[in-house]
Amino acid sequence: MSALGSLTVVGLGPGPDRWLTPEVADVLAGATDLVGYGPYLDRIPQSFHRRHGSDNRVELSRARLALDLAVSGRKVALVSGGDPGVFAMASALFEALESGDDPAWAEVPVRVCPGVSAMLAAAARVGAPLGHDFCVLSLSDNLKPWDVVLKRLRLAAEADFVIALYNPISKARPWQLGAALDTLRSMKDPATPVVLARAVGRHDEDITITTLAACDPATADMRTLVLIGSSQTRLLPRKGGDNLGDVWVYTPRSYYSAEGL
Ligand code: SAH
C-alpha cells in the first residue's frame, strides 16, 4: 500500500478570492485532489488537481471519498463554502471518522482550516449587527425536526439575541422562512431591523435592509443570509455612496449609555 496522504478541510469564504485565507490558498496549491460540492470546486482555478465534484446532499459520502483518497496516499482538500465548520463539511468528516467504517481512516492526518463565514461577510457589509450577543441557526429541517427550529427561534427571541439564519429557503423548503418570521413577529418589536444579504461578495450581491414587519420572505433565496436584530440593534445614517444604501445597521457593544461607561 502507498504511504498515507493527508486530509485538510477548508472553507473558501463566501465570495471573492480576497476572502479566502492565505492558509487555505496554500492548502489548495499543495493538494492533489479536491473533494466538494461542484459549484464550490468551480470557484477554484483549474490546475493539476483531480476534482471530485458531487451533489449538495451527499456530505457523508463525500467525506468517505476524501478519507479513502487520503488513505491511498493523496493529499486531499475537502472544500466547503464560507467556514468549513459552520453547517458544512468538517462535521460530516468527523461523523464518517466516528463511524469507523474503515479502520485505516483513523490513521489519516486531518486538519481543519477556518474560513470567513457568510454571516461575518454579511454583517460587515451592513455595519456591525453582530457586535453584541448573537446566535446562529440553520432553518433547514432536512437535518432536524421543524419543532426544534421553532423552539430555538422562540427561545432566541425571548433571550433577545441577534439571530443569523443560514439556509433560509430553497425550492424544496419554500415556507420555512415565512413561518420563522411569523413566530418572531409574534414575540418581537415589528420595527426590529432585518437584513437579507444575498450572494454576499458575488457579482449578483443584493442586500436589503428592512424591518421584521415588512420583511418579505420572497426576497430571500438559498444564497441569502438573514440577520434579525435584537432590541438594541439600530440604524445609523450612512454616507459614502458605495451603493449599499443609506443606513448602517449595528448593535452597540453595551446595554448602558456611553456616559455610563
Ligand atoms: N459553511 C458556510 C455555510 C453553508 S450553509 C459558511 O460558513 O458560510 C449555506 C448557507 O450559507 C446558504 O443557504 C446561505 O444562507 C449562506 N451563504 C453561503 N454563502 C453566502 C453568500 N455569499 N451570501 C449570503 N449567504 C451565503
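Up top is the structure these notes are about.
Let us look at the structure shown here. What you are looking at is a predicted structure, and each value in this text was computed from that prediction instead of being measured.

## Re the site of the ligand
Around the ligand, the structure places 19 residues, and the nearest of them are V86, S117, V200, M222 and T224. One of the side-chain N or O atoms of S117 is found 2.6 Å from an oxygen atom in the ligand. Taking A199, its main chain carries an N or O atom lying 3.4 Å from a nitrogen atom of the ligand. Contact with the protein chains hides 90% of the accessible area of the ligand, taken as 550 Å² for the molecule alone.

## A look at the nonpolar core
Membership of the largest hydrophobic core comes to 23 residues, with the highest contact counts inside it found for L139, L153, I163, L165, L177 and I228. Counting residues per element, the ones that place at least two in this core are β7 (134-138), α6 (146-158), β8 (162-166), α7 (176-185), β9 (193-198) and β11 (224-228). Among the elements that make up this core, the one with the highest residue count is α6 (six residues). In this view, I163 contacts C135, L137, L153, A156, A157, L184, V226, L227 and I228; residues no more than four positions away in its chain are not counted.

## Notes on the side chain of S117
As for its placement among the helices and strands, S117 is situated in the loop between β5 (110-112) and α5 (118-126). Overall, S117 belongs to the buried group, its relative accessible area being 3%. Setting aside residues no more than four positions away along its own chain, S117 makes contact with P14, G82, D83, V86 and Y166.

The rules behind these values
Residues numbered from 1 in each chain as written. Predicted model: local features only at pLDDT ≥ 70, side-chain atom pairs only at ≥ 80, totals over all residues. Heavy atoms only, no water. Near = heavy atom within 4 Å. Polar contact = N/O pair within 3.5 Å; in protein donor to acceptor, adjacent residues only side chain to side chain. Areas by Shrake-Rupley, 256 points an atom, 1.4 Å probe, with all protein chains shown as cover. Core = buried A, V, L, I, M, F, W, Y, C linked by side-chain atoms within 4.5 Å. Buried < 20%, exposed > 50% of the residue type's maximum accessible area, 1.4 Å probe, protein only. Helix = DSSP H or I, 4+ residues; strand = E, 2+ residues; numbered from the N terminus. Contact = heavy atoms within 4.5 Å.

Note that all results are geometric; they support no functional claim without further evidence.
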